[in-house]
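Examination of the molecular architecture
The chain contents come next:
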Amino acid sequence: MAIALCACKQQVQESQYISVENGHFMRNGKPYYYVGTNFWYGAILGSEGQGGDRDRLVKELDEMKRMGIDNLRILVGSDGERGVTTKVEPTLQEAPGVYNDTILAGLDYLLMEMGKRNMVAVLYLNNSWEWSGGYSFYLQHAGAGKAPRPNEEGYPAYMNFVAQYASNTKAHELFYDYVRFILGRTNRYTGKKYTEDPAIMSWQIGNEPRAFAKEQLPAFEKWLAEASALIRSIDKNHLISIGSEGSWGCENDYDCYERICADKNIDYCNVHLWPYNWGWAKPDSLIENLDRACQNTKEYIDKHLAICDKLGKPLVMEEFGYPRDGMKYDLGTPTKGRDGYYKYVFSLVADNAESGGKFAGCNFWGWGGFAKPLHEQWVVGDPYTNDPAQEAQGLNSVFAGDTTTLQVVKEQVDRMAKVKNKP
């Protein structure tokens with residue numbers, strides 16, 4: 001009898017984690033489809049140190065929950081020195097193995113509050129871009145020299161430097177030490193081990209990991225496989241994802257994308273879409289270019305969905321955005337183009353989900369909530385929006401006052417809820 005009771009308890013515990021069955025997300029025995037958002041700064045808001053604002057964090061979580069947004073994609077922490085223009089601070093990992101405990105406490109607090117609201121987090125552990133450290137941080141401490149700053153020397157110089165990361169084993173080992181530390185933690189407020197916390201949906205290797213050079217693709221694929229195997233060896237309960245943009249992040253090589261997603265430790269696939277960044281929509285004609293942006297988006301999604309169908313894994317569009325009309329940044333400026341793009345992307349997700357396809361969820365970029373930007377360029381002490389420090393504040397963030405955009409989001413939340421609850 002004791003054995004039977006113990007087994008039953010174990011089944012109940014395991015059912016709390018989101019899983020993938022037959023190419024679809026499952027949560028508590030039911031299909032899980034979702035509309036989520038990016039909230040990269042959540043752990044910083046949860047801190048009681050520099051940048052912390054727990055009152056605002058609770059208010060933001062309550063508002064997202066009220067709208068039905070229950071899936072948040074969050075940066076575990078930034079890396080490196082402080083006081084660098086265009087970089088997120090405060091940093092979590094100030095030097096390899098040297099941690100800012102206020103941010104760790106912030107992450108603990110955030111996960112506790114999300115758990116109370118039945119929300120889940122996708123936590124990314126690395127970043128190929130400069131705004132939170134990542135690649136450039138590990139390369140510097142592996143002896144590769146100081147990374148060029150894109151705002152000073154341009155992105156080509158930066159990308160040429162970080163192309164070294166894919167094959168730099170010393171940089172990888174520094175990252176793996178970080179992975180072991182984070183996944184080995186226990187939440188100070190709940191007493192739950194991170195590996196046993198249902199508030200975590202997925203560990204993500206990085207934000208938009210790239211090879212940055214075609215000749216680095218084999219090394220890039222090898223690194224991702226090693227990283228996912230390490231995560232799986234530590235955590236058997238949670239899903240693992242890559243954080244890839246899709247073929248755009250694989251030097252436009254769809255075969256590479258298929259191979260990295262086919263890895264046995266990768267549970268689902270990701271894609272990002274940035275029509276403005278990718279040249280599909282021009283700053284002086286955002287609304288006029290909307291149809292082209294939507295057409296290119298559908299083509300891009302269809303190609304990746306075909307791969308997901310082949311692999312039998314769900315697809316999540318976990319980053320997409322569109323600037324405010326006329327490239328304005330101020331609160332209250334029109335968002336007709338963004339609203340149109342969001343509506344189109346949401347229709348692709350919901351249409352596919354309703355037909356039983358593999359398109360299971362999306363996280364728009366991103367939640368600015370109740371923030372009121374003080375400067376176009378973020379400076380220390382300014383409120384956090386979802387636009388990182390290297391981008392204009394208000395460029396892609398969705399604020400609490402963006403009523404038309406939020407109405408589009410709410411309509412999609414309601415539509416996906418019907419798919420989720422369909423008998």
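Source: prediction; values computed, not measured. (Residues numbered from 1 in each chain as written. Predicted model: local features only at pLDDT ≥ 70, side-chain atom pairs only at ≥ 80, totals over all residues. Heavy atoms only, no water.)

A few words on the overall build of the chain. The secondary structure content of the chain amounts to 13 helices and 15 strands. Expected size for 423 residues packed as a compact globule is a radius of gyration near 22 Å; at 20 Å, the chain falls within 12% of this value. Counting only C-alpha atoms and orienting by the principal axes, one finds that the chain spans roughly 70 × 50 × 45 Å. In the chain, 74% of the contacts between residues at least 6 apart in sequence involve partners at least 24 apart. Of the roughly 16200 Å² of accessible surface on the chain, 51% is carried by carbon and sulfur atoms. (Helix = DSSP H or I, 4+ residues; strand = E, 2+ residues; numbered from the N terminus. Rg over C-alpha atoms; globule rule 2.2 N^0.38 Å. Contact = heavy atoms within 4.5 Å. Areas by Shrake-Rupley, 256 points an atom, 1.4 Å probe, with all protein chains shown as cover.)

Moving on to the side chain of Ser-244. When you line up the elements, Ser-244 lands in the loop between β10 (239-241) and α10 (254-262). From its side chain, Ser-244 meets the backbone nitrogen of Gly-246 in a polar contact 2.9 Å long. Among residues more than four places away in sequence, those in contact with Ser-244 are Pro-209, Cys-250, Tyr-257, Ile-260, Asn-270, Val-271 and His-272. (Polar contact = N/O pair within 3.5 Å; in protein donor to acceptor, adjacent residues only side chain to side chain.)

What follows covers the packing of helix α8 (residues 169-183) against helix α9 (residues 217-234). Their axes nearest at 10 Å, the elements α8 and α9 cross at an angle of 25°. Accordingly, the angle class assigned to the pair α8 and α9 is roughly parallel. Between α8 and α9 the crossing geometry is right-handed. Each of His-172, Phe-175, Tyr-176, Val-179, Arg-180 and Leu-183 in α8 lies in contact with α9, whose residues at this interface are Trp-223, Glu-226, Ala-227, Leu-230, Ile-231 and Ile-234. Grouping the amino acids of the contact of α8 with α9 by side-chain chemistry returns nine nonpolar, one polar and two charged. (Axes fitted to C-alpha atoms, helices over the stretch in contact; angles between N-to-C directions. Parallel < 35°, antiparallel > 145°, perpendicular 65-115°, else oblique. Left-handed = near helix turned anticlockwise from the far one by under 90°. Nonpolar A, V, L, I, M, F, W, Y, C, P; charged D, E, K, R; others polar.)

For helix α12 (residues 336-354), built from 19 residues, the straight-helix expectation of 27 Å at 1.5 Å per residue is met to within 8% by its first-to-last C-alpha distance of 27 Å. Two residues or fewer after α12 comes Gly-356, characterised by a positive phi angle close to 85°. (Expected span 1.5 Å × (residues − 1).)

In terms of burial, strand β9 (residues 200-204) is largely enclosed, as five of its five residues are buried. Bridging between β9 and β10 involves three bridges; their strand directions are parallel. Counted as the bridge partner of Gln-204 is Ser-241 from β10. A crossover links β9 with its parallel partner β10, the connecting element being α9, and its sense is right-handed. (Buried < 20%, exposed > 50% of the residue type's maximum accessible area, 1.4 Å probe, protein only. Pairing = 2+ DSSP bridges. Right-handed = clockwise from strand over helix to strand, strands pointing away.)

Here three strands make up an open sheet; going across it, the order is β1-β2-β3 and the pairing antiparallel. Edge positions in the open sheet fall to β1 (19-21) and β3 (30-31), since each of these has one partner strand only. Sheet topology places β1 next to strand β2 (residues 24-27); three bridges connect them, and they run antiparallel. Paired with Glu-21 across the strands is His-24, a residue of β2.

Strands sit in the order β10-β9-β8-β5-β4-β13-β12-β11 across an open sheet of eight strands; the sheet is parallel. With partners counted over all chains shown, the strands left at the sheet margins are β10 and β11 (269-273), one partner each. Across the sheet, the mean angle separating the axes of adjacent strands is 25° when strand polarity is ignored. Contacting β5 (71-75), β8 (120-124) and β9, helix α4 (residues 101-116) runs over the sheet at an angle of about 150° to β8.

Our next topic: the packing of aromatic side chains. Under the criterion given, the structure shown has 35 aromatic pairs. Ring geometry for Trp-40 versus Tyr-41: centroids 5.4 Å apart, planes at 80°, classification edge-to-face. Each of the two residues, Trp-40 as well as Tyr-41, counts as buried. Judged by centre distance (5.3 Å) and plane angle (65°), the rings of Trp-278 and Tyr-300 are edge-to-face. (Phe/Tyr/Trp six-rings, centres within 6.5 Å; stacked < 30°, edge-to-face > 60°.)

What follows concerns the pattern of salt bridges. Across all of its chains, the model carries 25 salt bridges by this definition. With a shortest N-O distance of 2.9 Å, Arg-415 and Glu-354 are connected by a salt bridge. With Arg-415 in helix α13 (residues 403-420) and Glu-354 in helix α12, this pair connects stretches of sequence that are 61 residues apart. For Arg-415, a relative accessible area of 26% translates into the label partly exposed. Take Glu-354: its relative accessible area is 37%, and that puts it in the partly exposed class. Salt bridges sharing partners connect three or more residues here, namely Asp-62, Glu-113, Lys-116 and Arg-117. (Salt bridge = Lys/Arg side-chain N within 4 Å of Asp/Glu carboxyl O.)

In this structure, Phe-39 and Phe-175 are the most contacted members of the largest nonpolar core, which totals 134 residues. When neighbours within four sequence positions are excluded, Phe-39 is seen to be in contact with Leu-45, Leu-57, Glu-60, Leu-61, Met-64, Leu-72, Arg-73, Ile-74, Leu-110, Trp-367 and Asn-386. (Core = buried A, V, L, I, M, F, W, Y, C linked by side-chain atoms within 4.5 Å.)

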